[in-house]
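What follows is the residue order along each chain.
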Amino acid sequence: MSRQAPGRATSSPLADQTALVIFSGGQDSATCLAWALDRFARVRTLGFDYGQRHSVELACRQNLREKLADLNPQWAARLDADCLLDIDLFRQLANTALTSAAPIKDEPEGLPNTFVPGRNLIFILHAAAWAYGLDIRHMVLGVCQSDFSGYPDCRDDSIKAMQVALNTGMDANFVLHTPLMWRSKKDAWTLAEVLGGPSLVDLIVEESHTCYEGQRGQRHPWGYGCGQCPACHLRAAGYADYLAGKS
């Protein structure tokens with residue numbers, strides 16, 4: 001599994017390969033898309049409609065994709081097709097705050113009620129099946145252990161285990177790339193600047209979506225959102241730390 005340490009993007013031995021990015025339309029997946037475009041010859045994107053209450057992120061995906069490619073002619077040439085898969089499973093099985101109208105709240109013990117059991121694991125499995133049919137061996141994920149919000153399927157051990165399971169079960173040679181795994185939210189903003197300069201940072205602020213409540217009415221310095229949910233808190237704090245580090 002590839003885990004990139006913080007630093008400036010450089011030429012890559014992956015320059016003749018194709019990658020599949022799991023692309024939600026959020027901050028992390030947008031940064032990962034830029035990371036992949038900086039390294040791979042061709043990059044395809046895959047998103048999931050799983051009944052998320054913040055489905056507005058799906059409406060942000062295409063606009064974000066197109067504007068990101070416009071930042072760099074080389075990225076535009078490398079960006080390939082997008083696909084959106086409908087996964088109805090979670091609507092049927094997971095009564096969580098992200099797949100229902102239940103209030104989003106912090107739990108005093110255990111996992112937060114925004115945790116959707118198996119979500120990232122099922123995303124990776126579907127992405128691998130999709131990539132297998134396209135003869136793509138590289139998949140790029142925006143999961144992060146340092147700011148994982150209590151989600152165990154974002155941890156490094158979970159991703160490593162999935163890579164082993166996929167390659168064993170499909171007799172394949174997948175590589176799961178997690179460029180944000182060991183980065184804080186501040187570091188994710190910094191990586192965006194390294195990859196695409198202030199223009200990419202501004203684009204992610206303006207066009208990506210993170211808020212669990214799906215609100216895009218109020219514009220904050222760090223982007224749109226309710227400002228109260230865990231996703232907004234993480235994004236806001238990371239952006240503030242990023243700006244403080246530049247002063």
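Residues numbered from 1 in each chain as written. Predicted model: local features only at pLDDT ≥ 70, side-chain atom pairs only at ≥ 80, totals over all residues. Heavy atoms only, no water.

Trainee: Explain the overall build of the protein chain to me, please; I cannot follow it from the model alone.
Mentor: If you tally the helices and strands in the protein chain, you get eight helices and seven strands. By the burial criterion, 50% of the 247 residues in the protein chain qualify as buried. Looking at the protein chain as shown, the accessible area adds up to about 10,900 Å², and 51% of this sits on carbon and sulfur atoms. (Helix = DSSP H or I, 4+ residues; strand = E, 2+ residues; numbered from the N terminus. Buried < 20%, exposed > 50% of the residue type's maximum accessible area, 1.4 Å probe, protein only. Areas by Shrake-Rupley, 256 points an atom, 1.4 Å probe, with all protein chains shown as cover.)

Trainee: Sorry, what's going on with the confidence of the model for the protein chain here?
Mentor: In the predicted model, the protein chain carries a mean pLDDT of 85, and 79% of its residues have values of at least 70. Put simply, helix α4 (residues 89-93) is where the protein chain has its lowest mean pLDDT, 66, and strand β4 (residues 138-140) is where it has its highest, 98. (pLDDT = per-residue confidence, 0-100.)

Trainee: Would you mind showing me how to read the pairing of strand β1 (residues 18-22) here?
Mentor: Each regular strand carries side chains that alternate between the two faces of the sheet. Across the five residues of β1, four count as buried, placing the element largely inside the fold. Where β1 and strand β2 (residues 42-49) come together, five bridges link them in parallel fashion. Bridging from a neighbouring strand, V21 pairs with T45 of β2. Handedness of the crossover joining β1 and β2 through helix α1 (residues 27-37): right-handed. By the bridge criterion, three bridges tie β1 to β4 in an arrangement that is parallel. Looking at the pairing, A19 lines up with H138 of β4. (Pairing = 2+ DSSP bridges. Right-handed = clockwise from strand over helix to strand, strands pointing away.)

Trainee: Quick question: what am I supposed to make of the nonpolar core here?
Mentor: Inside soluble globular proteins, nonpolar side chains tend to come together where they are buried. Of all hydrophobic cores here, the largest spans 66 residues; its most connected members are M139 and L200. Sort the elements by how many residues they give to this core and helix α7 (residues 185-207) lands first, with 10 residues. Excluding residues within four positions of it along the chain, L200 makes contact with A34, L68, L71, W75, A192 and L195. (Core = buried A, V, L, I, M, F, W, Y, C linked by side-chain atoms within 4.5 Å. Contact = heavy atoms within 4.5 Å.)

Trainee: Help me understand the environment of L200 in this model?
Mentor: Tracing the chain through its elements places L200 in helix α7. Residue class for L200 comes out buried when judged on its relative accessible area of 0%. For the pair formed by L200 and K67, sequence separation is 133 residues and the distance between their alpha carbons is 9.3 Å.

Trainee: Is there a simple way to think about the sheet that holds β2 in this case?
Mentor: Sheet strands associate in pairs through backbone hydrogen bonding, adopting either a parallel or an antiparallel arrangement. Strand order in this open sheet of five strands is β3-β2-β1-β4-β5, and the pairing throughout is parallel. Across the chains shown, the open sheet's two edge strands, defined by having one partner strand only, are β3 (79-86) and β5 (175-177). Here the average twist between neighbouring strands, direction ignored, is 25°. Of the strand pairs in this sheet, β4 and β5 are connected by three bridges, and their pairing is parallel. (Axes fitted to C-alpha atoms, helices over the stretch in contact; angles between N-to-C directions.)

Trainee: Help me understand the pairing of β2 in this model?
Mentor: The pairing of β2 with β3 spans six bridges and is classified as parallel. Bridging across to β3, F48 finds its partner in L85.

Trainee: Just checking my understanding: could you explain the pattern of salt bridges for this structure?
Mentor: Note on pairing: side chains with opposite charge can pair once their charged atoms come close. What the rule picks out here adds up to eight salt bridges. Between D38 and R39 there is a salt bridge, with its nearest N and O atoms 3.8 Å apart. Between D82 and R61 there is a salt bridge, and its shortest N-O distance comes to 2.6 Å. Separated by 21 residues along the polypeptide, D82 in strand β3 and R61 in helix α2 (residues 56-70) bring together distant segments of the chain. The exposure class assigned to D82 is partly exposed, which follows from its relative accessible area of 24%. (Salt bridge = Lys/Arg side-chain N within 4 Å of Asp/Glu carboxyl O.)

Trainee: Explain the side chain of K185 here, please?
Mentor: Here K185 shows up in helix α7. Side chain to side chain, K185 and D28 meet in a polar contact 2.5 Å long. (Polar contact = N/O pair within 3.5 Å; in protein donor to acceptor, adjacent residues only side chain to side chain.)

Trainee: So what exactly am I meant to see when it comes to the packing of α2 against α7 here?
Mentor: Pairs of packed helices are described in terms of their axes, by the angle between the two and the distance that separates them. In contact at an axis separation of 10 Å, α2 and α7 are set at 165° when each is read in the N-to-C sense. Our classification of the angle between α2 and α7 gives roughly antiparallel. In the crossing of α2 with α7, the sense of the turn from one axis to the other is right-handed. When α2 is examined against α7, the residues C60, N63, L64, K67 and L68 are found in contact with a partner set consisting of L200, L203 and E207. The class makeup of the residues in the contact of α2 with α7 is five nonpolar, one polar and two charged. (Parallel < 35°, antiparallel > 145°, perpendicular 65-115°, else oblique. Left-handed = near helix turned anticlockwise from the far one by under 90°. Nonpolar A, V, L, I, M, F, W, Y, C, P; charged D, E, K, R; others polar.)

Trainee: Quick question: what am I supposed to make of the packing of aromatic side chains here?
Mentor: Aromatic ring pairs are defined here through the distance separating the ring centres and the angle between the ring planes. On inspection of all chains with the given rule, the structure shows five aromatic pairs. An aromatic cluster is defined as three or more aromatic residues linked by ring pairs; in this entry it consists of W189, Y239 and Y242. The lysine or arginine in question, R219, covers the ring of Y224, its NZ or CZ lying 5.8 Å from the ring centre. (Phe/Tyr/Trp six-rings, centres within 6.5 Å; stacked < 30°, edge-to-face > 60°. Lys NZ or Arg CZ within 6 Å of the ring centre and 35° of its normal.)

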